[in-house]
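So you can see what is in the structure, the chains are spelled out below.
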Amino acid sequence: LLTQIMSPYGVSSDTSGYLGAALIGCGLVIAAAATPIIDKLQARLLSMKVAAPTIGICYLTFIWIPGSPIVTAYVVLGVIGGASFTLLPVTLEWLAKETEPAPPEVSSILCWMIGQLLGIVFTISMQNLKTYGDPAVPNGDMKRYFSYTFLVRRLVVLTYDRLTEDLFSRVLLP
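Parameters at a glance
- Residues numbered from 1 in each chain as written.
- Predicted model: local features only at pLDDT ≥ 70, side-chain atom pairs only at ≥ 80, totals over all residues.
- Heavy atoms only, no water.
- Helix = DSSP H or I, 4+ residues; strand = E, 2+ residues; numbered from the N terminus.
- Buried < 20%, exposed > 50% of the residue type's maximum accessible area, 1.4 Å probe, protein only.
- Lys, Arg positive; Asp, Glu negative; His and termini not counted.
- Charge placed at Lys NZ, Arg CZ, Asp CG, Glu CD.
- Core = buried A, V, L, I, M, F, W, Y, C linked by side-chain atoms within 4.5 Å.
- Contact = heavy atoms within 4.5 Å.
- Axes fitted to C-alpha atoms, helices over the stretch in contact; angles between N-to-C directions.
- Parallel < 35°, antiparallel > 145°, perpendicular 65-115°, else oblique.
- Left-handed = near helix turned anticlockwise from the far one by under 90°.
- Nonpolar A, V, L, I, M, F, W, Y, C, P; charged D, E, K, R; others polar.
- Expected span 1.5 Å × (residues − 1).
- Arc of directions from axis to C-beta.
- Phe/Tyr/Trp six-rings, centres within 6.5 Å; stacked < 30°, edge-to-face > 60°.
- Bend = angle between axes of the 7 residues up to and from the residue.

Colleague: Before we move on, can you summarise the overall build of the protein chain with the specific residues and values?
Modeller: When helices and strands are tallied, the protein chain shows six helices and zero strands. Starting at the N terminus and walking to the C terminus, you meet the elements of the protein chain as α-α-α-α-α-α. For the protein chain, the C-alpha atoms occupy an extent of roughly 55 × 30 × 30 Å along the three principal directions. Here the protein chain holds 174 residues, and 33% of them are scored as buried. Across the protein chain, 11 positive and 11 negative side-chain charges occur, with their mean positions spaced 4 Å apart.

Colleague: Hey, could you go over the nonpolar core for me, with residue numbers and the actual values?
Modeller: Ranked by size, the top nonpolar core spans 19 residues in total, and within it Ile5, Met6, Phe62, Leu77 and Phe146 carry the most contacts. Of all the secondary structure elements, the ones that give two or more residues to this core are helix H1 (2–6), helix H2 (13–41), helix H4 (70–98), helix H5 (104–128) and helix H6 (143–172). Residue contributions to this core peak at four residues, all from H4. Setting aside anything within four residues of it in sequence, one finds Met6 in contact with Val11, Ser16, Leu19, Phe62, Pro66, Ile70 and Ala73. Met48, Ala51, Ile55 and Val90 belong to the second-largest nonpolar core, a separate cluster that totals 10 residues.

Colleague: Explain the packing of H4 against H5 residue by residue, including any values.
Modeller: Here H4 crosses H5 at 135°, and the two axes come no closer than 9 Å. Here H4 is positioned oblique relative to H5, judged by the angle of their axes. Here H4 runs over H5; the crossing is right-handed. Together, Leu88, Leu92, Leu95 and Ala96 of H4 and Pro104, Ser107, Ser108, Cys111 and Trp112 of H5 make up the contact between the two elements. Broken down by class, the residue content of the contact of H4 with H5 amounts to seven nonpolar, two polar and no charged.

Colleague: An account of the environment of Leu1 is requested, with residue identities and associated values reported.
Modeller: Mapped onto the elements of the fold, Leu1 is located in the segment before H1. Distance from Leu1 to Phe146, taken between C-alpha atoms, is 12 Å for residues 145 residues apart in sequence.

Colleague: Can you break down helix H3 (residues 44–61) residue by residue, with the values?
Modeller: Given a rise of 1.5 Å per residue, 18 residues ought to cover 26 Å, and the 26 Å separating the end C-alpha atoms of H3 matches this to within 8%. Among all positions of H3, only Arg44, Leu45, Ser47, Met48, Ala51, Ala52, Ile55, Gly56 and Cys58 are buried. Projected down its long axis, H3 carries its buried residues within an arc of 160°, all on one side.

Colleague: Describe the packing of aromatic side chains, and please don't skip the residues or the numbers.
Modeller: Summed over the entire model, instances satisfying the criterion amount to three aromatic pairs. Centre to centre, the rings of Phe62 and Phe146 are 5.3 Å apart; their planes meet at 65°, and the pair counts as edge-to-face. You can see Phe62 sitting in the loop between H3 and H4 and its partner Phe146 sitting in helix H6, a full 84 residues away along the chain. Among the aromatic residues, those joined into a cluster by ring pairs are Phe62, Tyr145 and Phe146.

Colleague: With reference to specific residues and values, describe H2.
Modeller: In this model, H2 (29 residues) spans 41 Å end to end at C-alpha, consistent with the 42 Å of a helix rising 1.5 Å per residue. Of all bends in H2, the biggest is about 30°, found at Ala31. Directly beyond the C-terminal end of H2, a positive phi value near 55° is found at Gln42.

Here it is as structure tokens:
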């Protein structure tokens, strides 16, 4: 996907691959360092409250990344990777505890399945929201797609905030 996002602005497929490697590398390193600390401090909900908006802000800034210096793409993708890879195990652990007495396999399978279905929806919509024929932007520009995904993610974060507001107040204010 990074190749499709960055190629209209003259970024080679090799550089797009390096951007993907930066996202994955930063994500693995930060998750390996942060998740044991989060688990030891029992700060799952707080870390989710910090990571989810961070990811949303980074995706919002990614609207303006193509066409800007490549270093900014590395930084933003590194933060996205770090927050996303940290959020995944923390959220799955939190979900397993919140859905007891149901087996943890059920809740994790449902989350993975919903994630895969949303991935299909976003991939199809990505193809349909590319800009072609506008002289102001390069062919294949994906700013409309990023605006769309930002709005969807913002709705998810707002819904998440509403659902966890009571849980958050129980954890921080006993």
